[in-house]
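In case you want the letters, here they are:
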Amino acid sequence: MSVPNVQTYHYKRHEPEKTTLYKLIQANWLTFQSQVEQDLGYPLPDFVIKEFEEYLRCGILAHGFLRAQCTSCHHEMLVAFSCKKRGFCPSCGARRMAETAANLVDHVLPHKNIRQWVLTFPVPIRLCLAVRPKVMARALEIAHLVIGQYYRKKSGLGAKNAKSGAVTLIQRFGGSLNLNIHFHQLFVDGCYELNDKNEPVDFWVASPPTVKEIEGVLTKIINKLTKYLERQKIIVRDDNDGDFQIPIPDEDTLSKLQAGSVTYRFATGKSKGKKAIVLKSVTDNDHTATKGLVAKSSGFSLHAGVATKAHERDRLEKVCRYIARPAVSEERLSTNDRGDVIYKFKKPWDDGTTAMKLTPMELMERLVALVPRPRVHLTRYHGVLGPHYKHRKQIIPKPPELKVTSQETEIIDPKIKEQKKKNIPWARLLARVFGIDVETCSKCGGRMKIIAAIEDPKVIRKILEHMGLDTKPPPLKPARGPPKVQHHFEDDFNQQHFDMNFDNFNQSAD
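Not measured: the values here are computed from a predicted model.

What counts and how
- Residues numbered from 1 in each chain as written.
- Predicted model: local features only at pLDDT ≥ 70, side-chain atom pairs only at ≥ 80, totals over all residues.
- Heavy atoms only, no water.
- Phe/Tyr/Trp six-rings, centres within 6.5 Å; stacked < 30°, edge-to-face > 60°.
- Helix = DSSP H or I, 4+ residues; strand = E, 2+ residues; numbered from the N terminus.
- Buried < 20%, exposed > 50% of the residue type's maximum accessible area, 1.4 Å probe, protein only.
- Lys NZ or Arg CZ within 6 Å of the ring centre and 35° of its normal.
- 1 Å grid on protein atoms, 1.4 Å probe; cavity = no way out; pocket = protein on both sides within 12 Å on 5 of 7 lines; lining within 4 Å.
- Points joined across faces, edges and corners; volume = space filled by probe spheres on them.
- Nonpolar A, V, L, I, M, F, W, Y, C, P; charged D, E, K, R; others polar.
- Axes fitted to C-alpha atoms, helices over the stretch in contact; angles between N-to-C directions.
- Contact = heavy atoms within 4.5 Å.
- Pairing = 2+ DSSP bridges.
- Disulfide = S-S within 2.5 Å.
- Patch = residues over 30% accessible without salt bridge, like charges linked within 9 Å, V, L, I, M, F, W, Y side chains within 5 Å.
- Areas by Shrake-Rupley, 256 points an atom, 1.4 Å probe, with all protein chains shown as cover.
- Salt bridge = Lys/Arg side-chain N within 4 Å of Asp/Glu carboxyl O.
- Lys, Arg positive; Asp, Glu negative; His and termini not counted.
- Charge placed at Lys NZ, Arg CZ, Asp CG, Glu CD.

Our focus in this paragraph is the packing of aromatic side chains. If you walk through the whole model with that rule in mind, you get twelve aromatic pairs. An angle of 45° between the planes, with centres 4.7 Å apart, marks the rings of Phe52 and Phe88 as tilted. On the criterion of sequence distance, the pair formed by Phe52 in helix 2 (residues 46-57) and Phe88 in the loop between strand 3 (76-80) and helix 3 (90-108) is long-range, its members being 36 residues apart. Residue classification places Phe52 among the buried residues on the basis of a relative accessible area of 0%. Seen in terms of ring centroids, Phe121 and Phe183 are 5.2 Å apart; in terms of plane orientation they differ by 80°. Their pairing is edge-to-face. You can see Phe121 sitting in the loop between strand 4 (114-120) and helix 4 (123-131) and its partner Phe183 sitting in strand 7 (residues 179-188), a full 62 residues away along the chain. Taken together, the ring pairs connect Tyr22, Trp29, Phe52, Tyr55 and Phe88 into an aromatic cluster. For the cation-ring pair, Arg138 lies above Tyr228, with the distance from its terminal atom to the ring centre recorded as 5.9 Å. Its end group placed over the ring of Tyr322, Arg325 keeps NZ or CZ at 4.0 Å from the ring centre.

Listed below in structure tokens is the structure:
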């Protein structure tokens, strides 16, 4: 039986300066900063400004690069430095997606059945999770405890002699580039039995959950989380219903922008208080599963329909890549003849909506809301997969042996050498995920070797001039004043102005 040939692609520089996203940010970043300060009274936080500034440097050769050379024909290739940020950069997001998925499959998730539990929240709680990291950590802890109790109950074991294991990836975005914090929890689909020394001695495989069981799990999560929010005085009960009290200081511009993004509205500019224009109609919900192993209640949703068998490691890696994907898809982003931004959805919404239309400034506001706060981890490990479980090595898979090639051992910077010992090289990830061969010369088929890291501006300019490439980074467009002409769609699309009260964010959970 013949083995089909797998097509291999050679590496080509991303050239972010030619993408629609880069051009939009380059043209509107300074103007948006001025608009935020004018409309909200305070500037953006420093870490948000740094996120955008680093993105504008990401992949630009004029800011530095690695120099690779073929050992046979001496053909050279330049690899630009990346920003390595966590917000919206599609290039770094794709790299993080590949690294996260490979690490989870090779080094963390055991060779057992794995089930994904997806927990989403009503709109007011999404905002609370975004602006208060401690509340988000507690909500995640509650979800893990309740699902862990479900697995122990199915195995017939108690809390003292059983332990579950999970990895949570906190996803911050929805399908319309809105801020929508929800949890993707990859649970080992069963429960480990422990001995008196807390060591795992057996594994009890769980049968697939029923819809009724999922509804019971969701009800417990809602009750525990609601009681916690009441103790924190975030939910205030009255005779009619519960009101959410989320005061936001005037100087906290990021939380105000996040509040707008969570509610699918804008907080600055001419569209303040309005929703984005969509191709068909506006909906308050993203495209979510409504059939199968899913439960919904009071704006919450819990889905457990995606599972992989112990031998389906390739499928498991695809699931991991999906939930670790970047927030923005450049392939679905475009502009029309009038300069409006069109963002196509991967799947149509339940009402048939397939895309939305934004002004460039509205896009900027959506991107700012997606920037995570510093020192907030978006990947968490629980139970037997937690870093503090002393018998963790008995659970996780043994790391595969990596053969280090000659060019990987001849890297100049010792810090990069140390990093290579811990992480999978980017060249291997490109070949593993995308079928792109970085280590082979595109001219003669020889082996490429990294020979230098170029950071000196004078040397950068000299090399780029020699290769006929741009020696200066794309310039930022200066800030401009607000448009004097009314936007073209405002006469055709009448939306009622919504005055957002950031000091007292009250909204029902439904």
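This is not the end of the story, as more comes after the structure.
All right, on to empty space enclosed by the protein then. Within the structure shown, the criterion is met by five cavities of 30 Å³ or more. Put simply, the second largest cavity is a space of about 50 Å³. Put simply, the parts of the chain that give the lining of the second largest cavity at least two residues each are helix 4 and helix 5 (133-155). Class assignment for the residues of the lining of the second largest cavity results in eight nonpolar, no polar and two charged.

At a minimum axis distance of 5 Å, the contact between helix 4 and helix 5 shows a crossing angle of 115°. On helix 5, the residues touching Cys128, Leu129 and Val131 of helix 4 are Pro133, Val135, Met136 and Ala139. Considered class by class, the residues forming the contact of helix 4 with helix 5 number seven nonpolar, no polar and no charged.

So, about the sheet that holds strand 16 (residues 341-344). The four strands lie next to each other as 12-17-16-15, forming an open sheet whose pairing is antiparallel. Single-partner strands in this sheet number two, and they are strand 12 (277-278) and strand 15 (333-335). Pairing of strand 12 with strand 17 (residues 355-358), which is carried by two bridges, proceeds in the antiparallel orientation. Within strand 17, the position partnered with Ile277 by the bridge is Lys357. Against the sheet, helix 1 (residues 20-40) touches strand 15 and strand 16, its axis set at about 60° to strand 15. The sheet strands contacting helix 9 (residues 360-369) are strand 16 and strand 17, and the helix crosses strand 17 at an angle near 110°.

Attention shifts here to the state of the cysteines. Scanning the model with the defined rule gives zero disulfides in all. The thiol of Cys58 is not disulfide-bonded; the next cysteine sulfur, from Cys92, is found 3.7 Å away. Unpaired in this structure, Cys441 has its nearest cysteine sulfur neighbour in Cys73, at a distance of 3.7 Å. For Cys441, a relative accessible area of 1% translates into the label buried.

Right, let's get into a positive patch on the surface. A cluster of like positive charges, contributed by Lys153, Lys220, Lys224, Lys227 and Arg231, occupies part of the molecular surface. At four residues, helix 6 (residues 211-231) tops the list of elements feeding residues into the positive patch. Mapped onto the secondary structure, Arg231 falls in helix 6. Owing to a relative accessible area of 57%, Arg231 belongs among the exposed residues under this scheme.

So, to be careful, I would describe these as geometric facts and stop short of saying anything about function.
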